[in-house]
There are 4 protein chains.
Amino acid sequence: MSHSSRIGLMPLWLALLLIFSLSWCFAQPHGRTEINIPDIPGYLTLKCDFHSHTVFSDGDVWPTVRVEEAWLQGLDAIAITDHIEYQIHSDDIKKNHNRPYAIARSRAAELGIILIKGAEITRDMPPGHFNALFLNDIDPLDTKDWRDALKAANDQGAFVFWNHPGWRQPNEIPIWYDEHTELLQRGWFQGIEIVNEYSFYPKAFQWAQEKNLTILGNSDVHSPIHLTYDVSAGQHRPITLVFAKERSEAGIHQALRTQHTAVYHNNLVIGSAQFLAPIFETAVHIIPLRVAIKGTGRATVQIQNRSGLLFELMATNALEEISFPETILLYPEKTVAIQLKGKSKTLTGKKHIALPFLVKNFLSTPDRGLPVSLTIEIEFISDI
Amino acid sequence: MSHSSRIGLMPLWLALLLIFSLSWCFAQPHGRTEINIPDIPGYLTLKCDFHSHTVFSDGDVWPTVRVEEAWLQGLDAIAITDHIEYQIHSDDIKKNHNRPYAIARSRAAELGIILIKGAEITRDMPPGHFNALFLNDIDPLDTKDWRDALKAANDQGAFVFWNHPGWRQPNEIPIWYDEHTELLQRGWFQGIEIVNEYSFYPKAFQWAQEKNLTILGNSDVHSPIHLTYDVSAGQHRPITLVFAKERSEAGIHQALRTQHTAVYHNNLVIGSAQFLAPIFETAVHIIPLRVAIKGTGRATVQIQNRSGLLFELMATNALEEISFPETILLYPEKTVAIQLKGKSKTLTGKKHIALPFLVKNFLSTPDRGLPVSLTIEIEFISDI
Amino acid sequence: MSHSSRIGLMPLWLALLLIFSLSWCFAQPHGRTEINIPDIPGYLTLKCDFHSHTVFSDGDVWPTVRVEEAWLQGLDAIAITDHIEYQIHSDDIKKNHNRPYAIARSRAAELGIILIKGAEITRDMPPGHFNALFLNDIDPLDTKDWRDALKAANDQGAFVFWNHPGWRQPNEIPIWYDEHTELLQRGWFQGIEIVNEYSFYPKAFQWAQEKNLTILGNSDVHSPIHLTYDVSAGQHRPITLVFAKERSEAGIHQALRTQHTAVYHNNLVIGSAQFLAPIFETAVHIIPLRVAIKGTGRATVQIQNRSGLLFELMATNALEEISFPETILLYPEKTVAIQLKGKSKTLTGKKHIALPFLVKNFLSTPDRGLPVSLTIEIEFISDI
Amino acid sequence: MSHSSRIGLMPLWLALLLIFSLSWCFAQPHGRTEINIPDIPGYLTLKCDFHSHTVFSDGDVWPTVRVEEAWLQGLDAIAITDHIEYQIHSDDIKKNHNRPYAIARSRAAELGIILIKGAEITRDMPPGHFNALFLNDIDPLDTKDWRDALKAANDQGAFVFWNHPGWRQPNEIPIWYDEHTELLQRGWFQGIEIVNEYSFYPKAFQWAQEKNLTILGNSDVHSPIHLTYDVSAGQHRPITLVFAKERSEAGIHQALRTQHTAVYHNNLVIGSAQFLAPIFETAVHIIPLRVAIKGTGRATVQIQNRSGLLFELMATNALEEISFPETILLYPEKTVAIQLKGKSKTLTGKKHIALPFLVKNFLSTPDRGLPVSLTIEIEFISDI
């Protein structure tokens, strides 16, 4: 008889202990997962979502849920931005623009989530929908005329951005109306969503670069976040990366006012090369920094990606001294080994060689990847 | 220059097409995942959760969310069972016991989810909390005395069960009070939760078997389901398996009245051997059904688990003719290969050999796994 | 004091039991995973890889490993096809063309894997490398002239195919040489790899369709399969789908001779619409098959993908009666819910509506997805 | 007509570009994954496997495979330890004890893996199998008498350890024979495997602690590592953690000679508290370090696990001032939020409170978890 067969005959209390033990590993949710995007020199990289809804407008969750989801998913800051003009649950829930923030703020404080008071000004196009952040009182924005609402937001010192500019436009391509020119001239909006939920608007990104608007990418989530983004399949909500001097509401406000943002959407990181380049440089490391190549022989180097981002590298041009891979995928938190091969039998001496790549999924303009280089010191040894 | 380097110089429209294409695989939530637990001879195996809350009592979600979560997670039926006596959001939401069902039913119809109207009678222990299912009108249950509430439920023909009997008891061990004897004698409750959220109450399972109560395992979920069960880490909510003649509200009601249920909790399946044995037999197959063993030689057979359940097999006794593995793990939807080894050089002839196991994580009583056997026809060939 | 704290003071034997129990879930490899690609009417869909190497040429594994990997990964059949002309381990391992098959065959028999005896004729381009399957004796193929080797293979009744035709050609684009015309006219090769390892050769697929060659997609694996394909990240080796009348070596041979194959590579399925269309039709189901739409109202239908394949659907044209999603992703073993919306307030009566799509990742020609339709019976109800 | 439908009509070159792009994310293995177990004060934590086989004894892979697997799985060092007395492939492969190291060393140098030359002395029990590491020449160990072999190893300055002491013993419980006493007295072995493949030998751990032997946990892998450990299901090979002053062969040798090791097996970490405690302290952080509790109110603190290890915390005793969770699971690279609750309405003033736990899955002796504490400064505020 096998020793294990005795377990069928063990006393109840022991059987129960074992069952308890077997069930153990499932006995608790797993907790918060940090988003591994590194800080860059001079700035903290805060992960934010400035557009979400609750049962107080047309969302499906209680305000505290937005805080708990944000905590679980590794965010630093969120804004609840319920529609001012639109309450679909009004048969059951009293209209009260200031309630979502009031309800959620203590849970945010407990969990260390920066909760920014905001609202969505929801008007027909033009000018469409705008989010106002850092509000004191939302009620004054509940006006008949949209100009009054936007003015009221700006009067409170709010940061205002144009939401999902391509929404319900043909082929989701945004259109710039005279009203947007007017608003821009008045200084009544300072940012624009280039990503909203599943949609990326390259045109909006182009406008932002031309007109000096802050770019944002937000979820606009209405249901529980896991019903919209399939986390177990690797999806994530769009995230506004805020490059801030400090992890605080004031730090975020200042960064938003100075266009210190980028957008993380699917595998794309979108923004100015000023911020994208240091993310790459902080995340990616060559090991070792020095190798030797004899004639047309080979050397192996490892490229380590310490971040949770994917980098899709494509060579931009060939080099005289060595050949190297045309494409390299740097998967999150992985290290790849690549081979360099000498091209000359006679080359000799030490050289710093910069491998020239585009990061294809890092968009520093709407139509171009981020140019980067990986530099290695190679000692060439003659092979004759 | 490499061919791929040209992509850096491609026209904007093409770059955008490629970006679109790259983002493609993330453009939509993935959809409903079926729970792969097989039907058994004579019955459909319906996956149900009969205990959940919404913003109309102390939950965090709008009623339609419960339906959408159930659809996504492969359930057949749910009940929304908000507390009758307890509304924590009453400052903002009007008390209305019948609203959650009224709000959620059309979404349930669209998605093919059976939505059962229910409520939680929420009283101090004894007798504690009870769910009533298949109600017509919840208002008559909003009574001062708990006996009146339970009577009102039974007067409507409801199926009533005792919730989380070990909750807030020392060491979570449930206590049977005189009130429960009274209720049982009156026939005012017919079932009992043996699993609630993360807790399993073996004592309640024992009572159910002694007193002929229907066993249930429910989530009692208050927040969005993904905040309580970490699906991306393989967790699932507790599920009441209902063995029904048809996939309908009536089919479920009949099955609940006749103790045709089991409970699926973590890796455990708990219930009567009458239902657990056919699950095993339907799920697990030996390939091939016939092998030959020469003397003390070996034969390989494959054991295929066609279900999404784990089976932890432990041998209960040795066999005269062959040795075989003491423990076998049959992982979900996997096939393992095991080796049988002859014990006699001289044995000859065909025999049906039944390998005797306990399924350690299938509890047919509180302290014992499910006895099963795997039968193979072996042709023994003498080796002299 | 908590009840759990006592575990720190428990007797050694019990502590060990608990530790054993805790470690339990890791105590065995998980076993074979079937590849969920359905059989089609009239044929079994066998999953095969006809190109692999061992230490007997330039591979890194013992021949039995190829069988065990194939079993684990859900394959039905493989061929070990070591180079005849190329043995990099000859300092340590004796050259013996027939050994790999001789070594691996008994393990294949035990695990139910169909092992096909083969070899790779490895010559400079033209004509390049060719695999010969169903050989009796590999030695006669070890000739000086490549014509003699190919003739010897055909003399044994082998099925011969051209391997990785784009390998080491500029931009991996294959070139058709006079030698290939000669071989084709002699009937000395009958198939062509359109996928090898990570490379897809659309040009080879085009030739196959023009010249009636059997298409194959193989791994050409040299190292352990998991070092080349990152299974934990969802990668899989290329697979030749063989549509056979029976699961046997003879069944496969007949199917290969009659072009009854397709290729499964990454998320692509490549082959004739004759086989791709029934895969889609067998895998994808609409639930329910009948709905009603009132005026410009909506109806929800579910599309269930019972296979392990991804289908990327794109609408090919609009319909007069209803609008429907332009793109639908049918993830493996998931069900999505989509909405149909009436376009006319007055339409009335029952109609069979066929939603017209291309399956973008099913290539029935090198430049076109597979046209399919999903048919629903809709009862239109006037809304006036 | 939808804009996407045009893709069906796009030119071939563009269709191919899109197909290429779609296939992109699968075009390369993902690369090396680091094992996130932190260095501890004063030492690097090297991840090592000192027991593996190749085709040169009874393994299934070419020696370079062991290096590539180690690199992929985040190891720092391995030893190939083929049996000296046992070559099952001798019909095909020439016996040559020094070949595996000679073959694999250049690949190890390229990938930065420390490859230690070793061999397995393979004799009947007693004394059983022993690994010798840091050998110069394996041939002198190929002796008739086992004493000669062990002496030859020690004469070369090898580090010698007893392998899988419970293997083939009743119930896998190891037996200490007189021969082991003899060997220990001669100083001819210095370590012992307490984990081998899937087996943990608590008795061997006890002996190691009593007799001052170095503990090791190794894979003893014969097949490709992924056939034995199902990485896609979260399994990992046993790992010997070596606490070394430098990442080099010499650093490892010194650490092995001074019992500076622990063993990582499934979710268990086994070893002296001297090393286990600093792993916990380096990995686990409380945020914030100071909170306030008013009367019997609550405070939330977050516990962050920065390592890739699981910690199963169980409270060892209750505290006077506050209640806190009895069990806490700290999942790898996750943060959990827990609640502390005051017990006294009147307590006032600042206190450093140490929450007392056992880490149940960290075994500092065979029968006991590791005692740890989490210290928080709490400001108690009277609530009267």
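Residues numbered from 1 in each chain as written. Chains lettered and ligands numbered in written order. Predicted model: local features only at pLDDT ≥ 70, side-chain atom pairs only at ≥ 80, totals over all residues.

Engineer: What should I look at first to understand the overall build of chain A in this one?
Structural biologist: Counting its secondary structure elements, chain A contains nine helices and 21 strands. Seen along its three principal axes, the alpha-carbon backbone of chain A occupies a region of about 85 × 80 × 40 Å. Restricting to contacts in chain A with at least 6 residues of sequence separation, those with at least 24 account for 65%. (Helix = DSSP H or I, 4+ residues; strand = E, 2+ residues; numbered from the N terminus. Contact = placed C-beta atoms within 7 Å.)

Engineer: Explanation requested: helix 8 (residues 249-257) of chain D in the structure shown.
Structural biologist: Quick reminder: α-helices carry 3.6 residues per turn. Residues three or four places apart thus point the same way. Residue and element names in this part refer to chain D. Buried within helix 8 are the following residues: Gly251, Ile252, Ala255 and Leu256. Taken around the axis of helix 8, the buried residues stretch over an arc of 130°, which confines them to a single face. For helix 8, exposure combined with an orientation more than 90 degrees from the buried face picks out Ala250 and Arg257. Note on helix 8: the residue one or two positions beyond its end, Gln259, has a positive phi of about 60°. (Buried ≥ 20, exposed ≤ 12 C-beta atoms within 10 Å, placed from the backbone. Arc of directions from axis to C-beta.)

Engineer: Whenever I open this one, the relation of the copies chain C and chain B confuses me. Can you help?
Structural biologist: Put simply, the two copies of the chain differ by a rotation about an axis and a shift along that axis. Note on the copies: chain C fits chain B at an RMSD of 0.0 Å, the axial shift is 0.0 Å, and the rotation between them is 180°. Here the two chains are linked by the operation of a two-fold rotation axis. Taking C-alpha positions as the reference, the residue of chain C nearest the rotation axis is Glu333 of chain C, at 6.4 Å. (Least-squares fit on C-alpha atoms with pLDDT ≥ 70 in both.)

Engineer: Any chance you could explain the interface of chain C and chain B here in plain terms?
Structural biologist: In many analyses, interface size is given as the accessible surface area lost on bringing the parts together. At the interface, 18 residues of chain C touch 18 residues of chain B. When contributions to the side of chain C that touches chain B are tallied by element, the ones reaching two or more residues are strand 1 (32-33), helix 3 (99-111), strand 15 (298-305) and strand 19 (334-342) of chain C. Of the residues forming the side of chain C that touches chain B, the biggest block, four residues, is contributed by strand 19 of chain C. Of the residues belonging to the side of chain C that touches chain B, the class tally is six nonpolar, nine polar and three charged. Here strand 19 (residues 334-342) of chain B pairs with strand 1 of chain C via two bridges, running antiparallel. Each bridged residue has a counterpart across the sheet, and for Thr335 of chain B the counterpart in strand 1 of chain C is Arg32 of chain C. (Nonpolar A, V, L, I, M, F, W, Y, C, P; charged D, E, K, R; others polar. Pairing = 2+ DSSP bridges.)

Engineer: Please explain the packing of helix 2 (residues 63-72) of chain C against helix 3 of chain C as it appears in this structure.
Structural biologist: Packed helices, taken two at a time, are described by the angle between their axes plus the distance between the axes. All names here are of chain C. Across the interface, helix 2 lies against helix 3 with an axial gap of 7 Å and an inter-helix angle of 30°. In terms of their interaxial angle, helix 2 and helix 3 are classed as roughly parallel. The hand of the helix 2/helix 3 crossing is right-handed. Between helix 2, through Pro63, Thr64, Arg66, Val67, Glu68 and Trp71, and helix 3, the contact on the second element is made entirely by Pro100, Ile103, Ala104, Arg107, Ala108 and Leu111. In terms of residue class, the contact of helix 2 with helix 3 is built from eight nonpolar, one polar and three charged. (Axes fitted to C-alpha atoms, helices over the stretch in contact; angles between N-to-C directions. Parallel < 35°, antiparallel > 145°, perpendicular 65-115°, else oblique. Left-handed = near helix turned anticlockwise from the far one by under 90°.)

Engineer: Is there a simple way to think about the confidence of the model for chain A in this case?
Structural biologist: Any region with low pLDDT has predicted coordinates that should not be read closely. Residues and elements named next belong to chain A. In this model, chain A carries a mean pLDDT of 92, and residues with pLDDT of at least 70 account for 93%. Across residues 1-10, where pLDDT falls below 50, the model places 20 contacts with residues more than four positions away in sequence or in other chains. Counting interchain partners and residues more than four positions distant, the pLDDT-below-50 stretch residues 19-26 has 11 contacts. Prediction confidence for the complex, expressed as pTM and ipTM, is 0.94 and 0.92 respectively. (pLDDT = per-residue confidence, 0-100.)

Engineer: Please explain the pairing of strand 5 (residues 129-133) of chain D as it appears in this structure.
Structural biologist: Residues and elements named next belong to chain D. Most of strand 5 sits inside the fold, with five of its five residues counted as buried. A two-sided burial pattern is seen for strand 5, the buried positions comprising His129, Asn131 and Leu133 on one face and Phe130 and Ala132 on the other. Where strand 4 (residues 114-122) and strand 5 come together, five bridges link them in antiparallel fashion. Across the sheet, residue Ile121 finds its bridge partner in strand 5, namely Phe130.

Engineer: Just to check I follow, could you spell out unusual backbone geometry for this structure?
Structural biologist: Between Pro126 of chain A and the following residue, Pro127 of chain A, the backbone shows a cis peptide bond with an omega angle of 5°. With respect to the helices, strands and loops of the structure, Pro127 of chain A is situated in the loop between strand 4 (114-122) and strand 5 (129-133). Phi at Glu333 of chain C is positive, roughly 55°, even though this residue is not glycine. Within the fold, Glu333 of chain C resides in the loop between strand 18 (327-330) and strand 19.

Engineer: Please explain the domain arrangement of chain A as it appears in this structure.
Structural biologist: Residue and element names in this part refer to chain A. Its domain assignment divides chain A into domain 1 (29-271) and domain 2 (283-381). Put simply, the middle of domain 1 and the middle of domain 2, counted by C-alpha atoms, are 38 Å apart. Listed by partner, the interface residues are 12 residues for domain 1 and 11 residues for domain 2. Put simply, the parts of the chain that give the side of domain 1 that touches domain 2 at least two residues each are helix 6 (202-211) and strand 12 (268-271). Among the elements that make up the side of domain 1 that touches domain 2, the one with the highest residue count is helix 6 (four residues). (Domains from an automatic or database assignment.)

Engineer: Where do I start with the environment of Val242 of chain A in this structure?
Structural biologist: All names here are of chain A. Along the chain, Val242 falls in strand 10 (residues 239-244). By C-beta crowding, Val242 is classed as buried, having 27 other C-beta atoms within 10 Å. Once residues lying within four places of it in the same chain are set aside, the contact partners of Val242 are Leu46, Cys48, Ile252, Ala255, Leu256, His260 and Thr261.

Engineer: Before we go on, may I ask you to explain helix 2 of chain C in this structure?
Structural biologist: All names here are of chain C. Within helix 2, nine of the 10 residues are buried, which leaves it mostly tucked inside the rest of the structure. Taken as a whole, helix 2 has its buried residues at Pro63, Val65, Arg66, Val67, Glu68, Glu69, Ala70, Trp71 and Leu72. Where helix 2 terminates, the next one or two residues include Gly74, which has phi positive at roughly 80°.

Engineer: What is the right way to read the environment of Phe189 of chain B from this model?
Structural biologist: Of note, Phe189 of chain B is situated in the loop between helix 5 (178-186) and strand 7 (191-196). In contact with Phe189 of chain B, other than residues within four places in its own chain, are Phe130, Val160, Phe161, Trp162, Leu183 and Leu184 of chain B.

Engineer: Is there a simple way to think about the environment of Ile40 of chain C in this case?
Structural biologist: Residues and elements named next belong to chain C. Take Ile40: it is sitting in the loop between strand 1 and strand 2 (44-49). We classify Ile40 as buried; it has 20 C-beta atoms within 10 Å. On a C-alpha basis, the gap between Ile40 and Pro278 in space is 5.9 Å, while along the polypeptide they are 238 residues apart. Contacts of Ile40, omitting those with residues within four sequence positions, involve Thr45, Phe243, Phe275, Pro278, Ile279 and Thr282.

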